[in-house]
Amino acid sequence: MENLQTQYNIVKGNANDEELERYRECFYVNGTTKSLNVLKWFHQQNLRNSNSIYYALTSDTGSIAAIYTYLPVIFRCMGKLVNGMQSFDTLTDKNHRSKGLFIKLASKIEKEETLNNNELVYGFPNENSIR
């Protein structure tokens, strides 16, 4: 169980093979199977060839406490091409829930990715995200 004083660093990942294995493992220990090959396809060979993974890492051990990823997409809106982001994989590790990490990650993405000309974010909530 995590310490009540745990601090988190919100960082953008680099999507290298080692990191994607840690991502896969985090999902696995939280009950979801992910294929490393599929993760490589999504995060190393995507539409715009841009990294799209953000993490909340524990400041003491650097373990993954939460993940928020998006897939880059391009829309045509009123005759203009618009860069956007589809919210994709999100997870808060079972030992770090109820700490506001999803909101912290989403806020970081919005702040940083707006600077990269991403004008739109959308997603499809699952049963854990809506009440």
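As the structure is a computational prediction, the values presented were derived from the model and not from experiment.

*Asks:* Can you break down the overall build of the protein chain residue by residue, with the values?
*Replies:* Check the secondary structure of the protein chain and you find three helices and five strands. Ordering the α and β elements of the protein chain from the N terminus gives β-α-α-β-β-β-α-β. Its C-alpha atoms give the protein chain a radius of gyration of 15 Å, near enough to 14 Å, the size a compact globule of 131 residues would have. Along the first, second and third principal axes, the C-alpha set of the protein chain runs to 50 × 30 × 30 Å. For the protein chain, the residues scored as buried account for 38% of the 131 residues in total. For the protein chain, the accessible area works out to roughly 8,300 Å², and carbon and sulfur atoms hold 51% of it. Positive and negative charge centroids in the protein chain, built from 15 and 14 side chains respectively, lie 4 Å apart.

*Asks:* Describe the confidence of the model for the protein chain, and please don't skip the residues or the numbers.
*Replies:* Looking at the protein chain as a whole, its pLDDT mean stands at 88, while 92% of the residues score no less than 70. The weakest mean pLDDT in the protein chain belongs to strand β5 (residues 118-122) at 84; the strongest belongs to helix α1 (residues 17-29) at 97.

*Asks:* So what about the nonpolar core? Which residues, and what values?
*Replies:* Within the largest apolar cluster, 12 residues are counted, these being A15, L20, Y23, C26, F27, L39, I53, Y55, L57, I64, I67 and L91. Looking at this core, the elements with two or more residues in it are α1, β2 (53-58) and β3 (64-77). Considering each element in turn, this core owes the most residues, four residues, to α1. Those residues in contact with I53 that lie beyond four places of it in its chain are V11, K12, G13, A15, E19, L20, Y23, H43, I67, Y68 and T69. A66, Y68, L101 and I109 belong to the second largest nonpolar core, which has 11 residues in total.

*Asks:* Explain helix α2 (residues 36-44) to me, and be specific about the residues and the numbers.
*Replies:* Those residues of α2 lying buried are L39, F42 and H43. Down the axis of α2, the buried side of the element spans an arc of 80°, and every buried residue falls inside it. For α2, the exposed residues set more than 90 degrees away from the buried face come down to N37 and W41. In this structure, the buried residues of α2 make contact with α1, β2, β3 and β4 (80-92). Backbone nitrogen of N37 and a side-chain oxygen of the N-cap are separated by 3.3 Å at the start of α2; the cap is S35.

*Asks:* Break down the side chain of S52 for me, citing the residues and quoting the values.
*Replies:* Within the secondary structure layout, S52 lies in the loop between α2 and β2. A distance of 3.3 Å separates the side chain of S52 from the side chain of H43, its partner in a polar contact. Within the local environment of S52, its side chain forms a polar contact with the backbone oxygen of Y70, the two atoms lying 2.6 Å apart. Those residues in contact with S52, other than ones at most four positions away along the chain, are H43, N46, Y68, T69, Y70 and P72.

*Asks:* Can you break down helix α3 (residues 101-115) residue by residue, with the values?
*Replies:* Two residues of an α-helix separated by three or four positions point the same way, owing to the 3.6 residues in each turn. Between its first and last C-alpha atoms α3 spans 22 Å; for 15 residues at 1.5 Å apiece the expected length is 21 Å, and the two agree. Inspection of α3 places L101, L105, I109 and E113 among the buried residues, and these make up the whole buried set. Along the axis of α3, the buried residues cluster in a sector spanning 75°; they form a single face. For α3, the exposed residues set more than 90 degrees away from the buried face come down to I103, E110, K111 and L115.

The rules behind these values
- Residues numbered from 1 in each chain as written.
- Predicted model: local features only at pLDDT ≥ 70, side-chain atom pairs only at ≥ 80, totals over all residues.
- Heavy atoms only, no water.
- Helix = DSSP H or I, 4+ residues; strand = E, 2+ residues; numbered from the N terminus.
- Rg over C-alpha atoms; globule rule 2.2 N^0.38 Å.
- Buried < 20%, exposed > 50% of the residue type's maximum accessible area, 1.4 Å probe, protein only.
- Areas by Shrake-Rupley, 256 points an atom, 1.4 Å probe, with all protein chains shown as cover.
- Lys, Arg positive; Asp, Glu negative; His and termini not counted.
- Charge placed at Lys NZ, Arg CZ, Asp CG, Glu CD.
- pLDDT = per-residue confidence, 0-100.
- Core = buried A, V, L, I, M, F, W, Y, C linked by side-chain atoms within 4.5 Å.
- Contact = heavy atoms within 4.5 Å.
- Arc of directions from axis to C-beta.
- Polar contact = N/O pair within 3.5 Å; in protein donor to acceptor, adjacent residues only side chain to side chain.
- Expected span 1.5 Å × (residues − 1).

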